[in-house]
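Residue strings, one per chain:
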Amino acid sequence: MRIPLHRAALPASALALLVGGAVPAAAAEPHPAPASHALAPDTRFYVDPDSDAARQALTDLKHHDLAGARDMAKLASWPEAAWFTGGTPAEVESQVRSLVRRAGRAKAVPVLVAYNIPLRDCSQYSAGGAQSDAEYRAWIDAFARGLGSSKAVVVLEPDGLANLPADCGPGADPTGEQTAGRLADLNHAVDALERQPNSVVYLDAGNSHWQSVGTAAQRLLDAGVDRAQGFSLNVSNYFATDRATRYGTWVSQCVWFATEGPEWARGHADWCASQYYSPAAPNDGQPGNAVDVEDPSTWHWTDQWFQQNVGSPSTDALAHFVVDTSRNGRGDWKPPVGKYSGDPQTWCNAPGSGIGDRPTADTGVPLADAFLWIKTVGQSDGQCNRGIPGGTVDPEYGVVDPAAGAWWPEQAHSLVDNASPALTFNTARR
């Protein structure tokens, strides 16, 4: 996970004109939107004119790097999420209110990330968060007040469910008190955010190569997903979109199976087939006869289990989800076999990665409400050492990576260069 850098506003209205884009148009004050906790397929997401990419484009231009400036201007023309990672309740309320008002004036919908849960990231790369459950609840209440009646998407606590306090290592949370507090905090956050008439709330559920379908579904239920729009996937990760949407569809169906499905299934999300195992497969040791998380050609066994046990509930009866496509254009990184004896940290500043599908609420996938750039493209995941004891230099780059959330120009340019599909200007944003 990563923490973004906060920054002061920098006028950049001339940026697009300098490098070939469109000049932002002035927008009238918005009218209140009718109450809705869903996203329309034609939703336009908010583009921050003072983003890291916009600033980098100006820097590149000053250094006469016209090609680099143009690439960064392309990146800056697309919407990305804004991360809120701390501060006092008064500060976060003011910051959120300012953002949603700017987005409203632009007649666009902002994407916000609430990332301040106690014991965040198991106190690792993105350590931090509120110091207590009470402090967190006051903070998220203020976040919700800042939203007011504005239309906004909220991604709630990346990794907060996939990496519970009890998952933080051997002997972590032996009494379960911290994990119980985490779930209570998330339930409180869902209710606080959903009280706002136009919030669209997604609890984060990790990614397709982390918790099993049943585990993810049960944790979502424990955190109140039935009272939210749904869940988010692949935040700050690299797994291909088709894997994420397939996994997300299973998780959603598993939630239904364990709550609205046949009587014998009630309360048994743990019985769902997953990306790791399906009872529908022969599981006889023959090639292709068992589910392999790394081989989607075997995932049809899990599809088969859900067809047999869930059927085809209406999409209106199922939890929906959003997918982070900010860096998954080339899929996940697999280091050469034997290159690293320790953890290669495939999730951390994966080399050779590229931007993936563009942000849109018209995904063509029944349960996928949107593809979003939730991770800020070009910000570091942290100081990776690929499991080398005492190492500080990232052997994939030959440098000490920037801290989590720090802007990394070289990484930003690489992600644009490797974008799949190739990155173009966002001509539909005005």
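Residues numbered from 1 in each chain as written. Predicted model: local features only at pLDDT ≥ 70, side-chain atom pairs only at ≥ 80, totals over all residues. Heavy atoms only, no water.

Q: Explain the overall build of the protein to me, please; I cannot follow it from the model alone.
A: Tallying secondary structure elements over the protein gives 10 helices and seven strands in all. Radius of gyration (C-alpha) of the protein: 21 Å, near the 22 Å computed for a compact globule of 430 residues. Based on the C-alpha atoms only, the size of the protein along its principal axes is roughly 60 × 55 × 40 Å. Split into buried and exposed, the 430 residues of the protein put 56% on the buried side. Once local pairs closer than 6 in sequence are excluded, the contacts in the protein between residues at least 24 apart make up 77%. Of the accessible surface of the protein, which amounts to about 17,600 Å², a share of 53% is contributed by carbon and sulfur atoms. (Helix = DSSP H or I, 4+ residues; strand = E, 2+ residues; numbered from the N terminus. Rg over C-alpha atoms; globule rule 2.2 N^0.38 Å. Buried < 20%, exposed > 50% of the residue type's maximum accessible area, 1.4 Å probe, protein only. Contact = heavy atoms within 4.5 Å. Areas by Shrake-Rupley, 256 points an atom, 1.4 Å probe, with all protein chains shown as cover.)

Q: What should I look at first to understand the pattern of salt bridges in this one?
A: Inspection of the entire model under this criterion finds 15 salt bridges. In this structure, R145 and E93 form a salt bridge, with 3.2 Å as the shortest nitrogen-oxygen distance. Within this pair, whereas R145 is found in helix α5 (residues 133–147), its partner E93 is found in helix α4 (residues 89–105), the two being separated by 52 residues in sequence. Here R145 falls in the partly exposed class, since its relative accessible area comes to 42%. Across the pair D226 and R227 runs a salt bridge, and its minimum N-O distance is 3.8 Å. Connected through shared salt-bridge partners, E93, R97 and R145 make up one network. (Salt bridge = Lys/Arg side-chain N within 4 Å of Asp/Glu carboxyl O.)

Q: Whenever I open this one, empty space enclosed by the protein confuses me. Can you help?
A: Empty space among the atoms becomes apparent when a probe as large as a water molecule is rolled across them. Scanning all chains against the criterion turns up three cavities of 30 Å³ or more. In this model, the second largest cavity occupies a volume close to 50 Å³. Forming the walls of the second largest cavity are Y115, I117, L119, R120, D121, C122, E157, P158, D159, G160, N163 and R182. Class assignment of the residues belonging to the lining of the second largest cavity gives a composition of five nonpolar, two polar and five charged. (1 Å grid on protein atoms, 1.4 Å probe; cavity = no way out; pocket = protein on both sides within 12 Å on 5 of 7 lines; lining within 4 Å. Points joined across faces, edges and corners; volume = space filled by probe spheres on them. Nonpolar A, V, L, I, M, F, W, Y, C, P; charged D, E, K, R; others polar.)

Q: Help me understand helix α6 (residues 177–194) in this model?
A: Since the α-helix turns once every 3.6 residues, residues separated by three or four places project in the same direction. For α6, spanning 18 residues, the distance from its first C-alpha to its last is 26 Å, which sits close to the expected 26 Å at 1.5 Å a residue. When α6 is considered as a whole, its buried residues turn out to be T179, G181, R182, L183, D185, L186, N187, A189, V190, A192, L193 and E194. (Expected span 1.5 Å × (residues − 1).)

Q: Looking at this structure, how should I read the UniProt feature "active site" (unreviewed entry) in the protein?
A: The UniProt feature table records "active site" (unreviewed entry) at D121. Mapped onto the secondary structure, D121 falls in the loop between β2 (111–114) and α5. (UniProt positions renumbered as here; feature names shortened; annotations may be inferred.)

Q: Where do I start with the nonpolar core in this structure?
A: Inside soluble globular proteins, nonpolar side chains tend to come together where they are buried. Counting residues in hydrophobic clusters, the biggest one holds 72 residues, and the most contacted among them are F143, L147, L156, L203 and F306. Element by element, the count of residues in this core is highest for helix α8 (residues 241–259), at nine residues. Counting residues in hydrophobic clusters, the runner-up holds 18 residues, among them L39, V113, V153 and A370. (Core = buried A, V, L, I, M, F, W, Y, C linked by side-chain atoms within 4.5 Å.)

Q: Explain the side chain of E194 here, please?
A: Note on placement: E194 falls in helix α6. No salt bridge forms around the buried E194; measuring N to O, its nearest opposite-charge neighbour R227 is 8.5 Å away. Once residues lying within four places of it in the same chain are set aside, the contact partners of E194 are H37, S199, V201, R227, A228 and Q229. (Lys, Arg positive; Asp, Glu negative; His and termini not counted.)

Q: Would you mind showing me how to read unusual backbone geometry here?
A: The general pattern is negative phi for most residues beyond glycine and trans for most peptide bonds. In this chain, S420 is followed by P421 through a cis amide linkage whose omega measures 5°. Position of P421 among the secondary structure elements: in the segment after α10 (409–417). Residue N349 is not a glycine yet carries a positive backbone phi of 45°. By the secondary structure assignment, N349 is in the loop between β6 (320–324) and β7 (368–372). Overall, N349 belongs to the buried group, its relative accessible area being 0%.

Q: What exactly am I supposed to notice about the sheet that holds strand β3 (residues 152–156) here?
A: Pairing is parallel across the open sheet formed by seven strands, whose spatial order is β1-β2-β3-β4-β5-β6-β7. In this open sheet, the two edge strands, each paired with only one partner strand, are β1 (82–84) and β7. Across the sheet, the axes of successive neighbouring strands diverge by a mean angle of 25°, strand direction being ignored. Pairing analysis gives three bridges linking β1 to β2, with the strands arranged parallel. In the strand pairing of β2, A82 is matched with L112. In the packing of α5 onto the sheet, contacts are made with β1, β2, β3 and β4 (199–204), and the angle to β2 comes to roughly 170°. (Pairing = 2+ DSSP bridges. Axes fitted to C-alpha atoms, helices over the stretch in contact; angles between N-to-C directions.)

Q: Would you mind going over the packing of aromatic side chains with me for this structure?
A: Within a pair of aromatic rings, the relevant descriptors are the distance that separates the centres and the angle that separates the planes. Following the criterion strictly, the structure yields 13 aromatic pairs and no others. Aromatic side chains W78 and W373 sit 6.1 Å apart centroid to centroid with 45° between the ring planes, which places their arrangement in the tilted category. Residue W78 is found in the loop between α3 (66–76) and β1, and its partner W373 is found in the loop between β7 and α10; the two are separated by 295 residues along the sequence. On the basis of relative accessibility, which here comes to 11%, the residue W78 falls in the buried class. Ring centres 4.9 Å apart and planes at 85° place the aromatic pair W305 and F306 in the edge-to-face group. Note on accessibility: W305 and F306 belong to one class, buried. (Phe/Tyr/Trp six-rings, centres within 6.5 Å; stacked < 30°, edge-to-face > 60°.)

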